[in-house]
Structure formats: structure tokens, C-alpha cells
Amino acid sequence: AAGVIQSPRHLIKEKRETATLKCYPIPRHDTVYWYQQGPGQDPQFLISFYEKMQSDKGSIPDRFSAQQFSDYHSELNMSSLELGDSALYFCASSLGGGSEAFFGQGTRLTVV
Amino acid sequence: QQPVQSPQAVILREGEDAVINCSSSKALYSVHWYRQKHGEAPVFLMILLKGGEQKGHDKISASFNEKKQQSSLYLTASQLSYSGTYFCGTDPYGSSNTGKLIFGQGTTLQVKP
């Protein structure tokens, strides 16, 4: 069965650089979520989209932005990267908000 | 707003049982349970909805007490593959479609031979 695909899997950036993370949800899933997980931490909700519209926002810094495109894939754009942005970034998708969400394998971002 | 999980860590022998609890200070619409192995993605285990509906794996059982805003995950006859960190995620919205989940701090389960 098709799963959530994230790219890249690993990313190394320098401070103040920009990064773009991509997420391809499970086909026919209409809701996409982004989570940030630091080492030993629980996943922190960043933002979600339902039918290509932003549906909710969590603790997402102003330096980050995200969107969902017409083909339902989503991108998380992160600018002016800081050391503290180093984390695992997960994308998840579901069929309708509130349904079981399936996570991608994550993008490990390291800011040096 | 973050749900509280207990215990923080559990060590079991194969075949033993465990219960992981999740409680919230806010009224809940649903509770989601996930298991995550180190460096991997959280894997969906079960969702419990207000009103009693449940969806999940046959070998996993859980309960949802709406009045007490609590959920418990029951792991019976544990296997080595059960090892990992278990997160409960709560969706506090009653009618929204956002599906935003607030995760607990996690319960680390280690199953030994």
C-alpha cells in the first residue's frame, strides 16, 4: 500500500540558510499535517491543511511557512535557519481531519 | 493542554502485560495511540472516538472514558516487537476538521526476552 513520502530524508544546512521539505500524502487523503520532533521529545504540531486550505496552526515560527498544492502534496519552507531548528520533521496524512493519520518516514534536518 | 501519560517507562518480560494511561484536562473528541521506534515514524495503533467508536489493530485494545477524559492502552502477552515509545494524541475539537493532535510526552516500553 502507498505510504506518505517525504523528501529529502536527510538535510544539512548552515545557519541563516533556507530549507524546503516536501511531503506527498497517501492518494485520496485530503488532510496533511506537519510535526517537528526534537531528540527525545514528543512530536509538536506545526500546521495542517484540509483540501488545500490551512486548517490549523500550532507552534510554528514565523520563519516557517507551508502550503498544499493542487495535487495535494505539501511543502514546508523554513528560512533563516537556527541551530534549534535541528529536528525530525514528520508529515502525516489522513482522510478527513480527526481520522487516523499516517506518518511519513520524516526528514532529519541538521543545522550547523 | 498537553495530555499526561503514565508511566513514563515500563520494562517487561516477553508474555507480560502492560497498561499505559493518558489523561487530559480538556474535554476530548478523540484519542489516538501511536508507537514509535527510535529514529522511525510514529505508527498508528488505534483511534477512540467520543461515543464509543474504535478503529485499530485487532491485537491492540484500549479504552476511552469521556467523563474522566482518560484513555488506557492495554498491551497483553507482550512481544519483543512491542518495544518502543507509545504516544497518545488528543484532539480537543468537537466539530472541527483539522485533526490537530497534541501528543503526550510518551511512554517508553522495553520488552526483554
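It should be emphasised that the depicted structure is a prediction, and the values quoted were computed from it without experimental measurement. (Residues numbered from 1 in each chain as written. Chains lettered and ligands numbered in written order. Predicted model: local features only at pLDDT ≥ 70, side-chain atom pairs only at ≥ 80, totals over all residues. Heavy atoms only, no water.)

## Here's the deal with the sheet that holds strand E8 (residues 70-75) of chain B
All names here are of chain B. The following threshold applies: In this analysis, strands are considered paired if DSSP registers two or more bridges between them. Runs of E in the DSSP output that reach at least two residues are strands. Runs of H or I that reach at least four are helices, and both are numbered from the N terminus. Where helices are involved, their axes are fitted lines through C-alpha atoms of the stretch in contact, as for all axes, and angles between N-to-C directions lie from 0 to 180°.
Read from one edge of the open sheet, four strands run E1-E3-E8-E7, paired in antiparallel fashion. At either margin of the open sheet sits one strand with a lone partner, and together these are strand E1 (4-6) and strand E7 (61-65). Here the average twist between neighbouring strands, direction ignored, is 15°. One ladder, built from five bridges, connects E7 with E8; its direction is antiparallel. The partner of Ser61 across the bridge, within E8, is Tyr74.

## Brief notes about the confidence of the model for chain B
Let me state the cut-off plainly: Confidence scores labelled pLDDT are given residue by residue by the predictor and lie between 0 and 100.
Here chain B averages 88 in pLDDT, while 92% of its residues score no lower than 70. Mean pLDDT values for the elements of chain B range from 77 in strand E6 (residues 54-56) of chain B up to 97 in strand E11 (residues 107-112) of chain B.

## Here we look at the interface of chain B and chain A
Note the cut-off: A contact between two residues is defined here by any heavy atoms of the two lying within 4.5 Å. The term buried area refers to how much accessible surface (probe radius 1.4 Å) is lost by two components on association, counted for both of them together. By definition here, a salt bridge exists when the distance from a side-chain nitrogen of Lys or Arg to a carboxyl oxygen of Asp or Glu is within 4 Å. Here a polar contact is taken to be a pair of N or O atoms separated by no more than 3.5 Å, where protein atoms must pair a possible hydrogen donor with a possible acceptor and residues adjacent in sequence count only if both atoms sit in side chains. Following the grouping adopted for this structure description, the nonpolar residues are Ala, Val, Leu, Ile, Met, Phe, Trp, Tyr, Cys and Pro, the charged ones are Asp, Glu, Lys and Arg, and the polar ones are all others, Gly among them.
Chain B puts 23 residues into the contact, and the matching count from chain A is 24 residues. Between chain B and chain A lies a buried interface of about 1,800 Å² when both sides are counted; carbon and sulfur atoms form 55% of it. Summed over the shared surface of chain B and chain A, the number is zero salt bridges. Counting every contact that joins chain B to chain A gives four residue pairs in polar contact (both at pLDDT 80 or more). Those elements that place two or more of their residues in the side of chain B that touches chain A are strand E4 (30-36), strand E5 (43-49) and strand E9 (84-91) of chain B. In terms of residue class, the side of chain B that touches chain A is made up of 10 nonpolar, nine polar and four charged.

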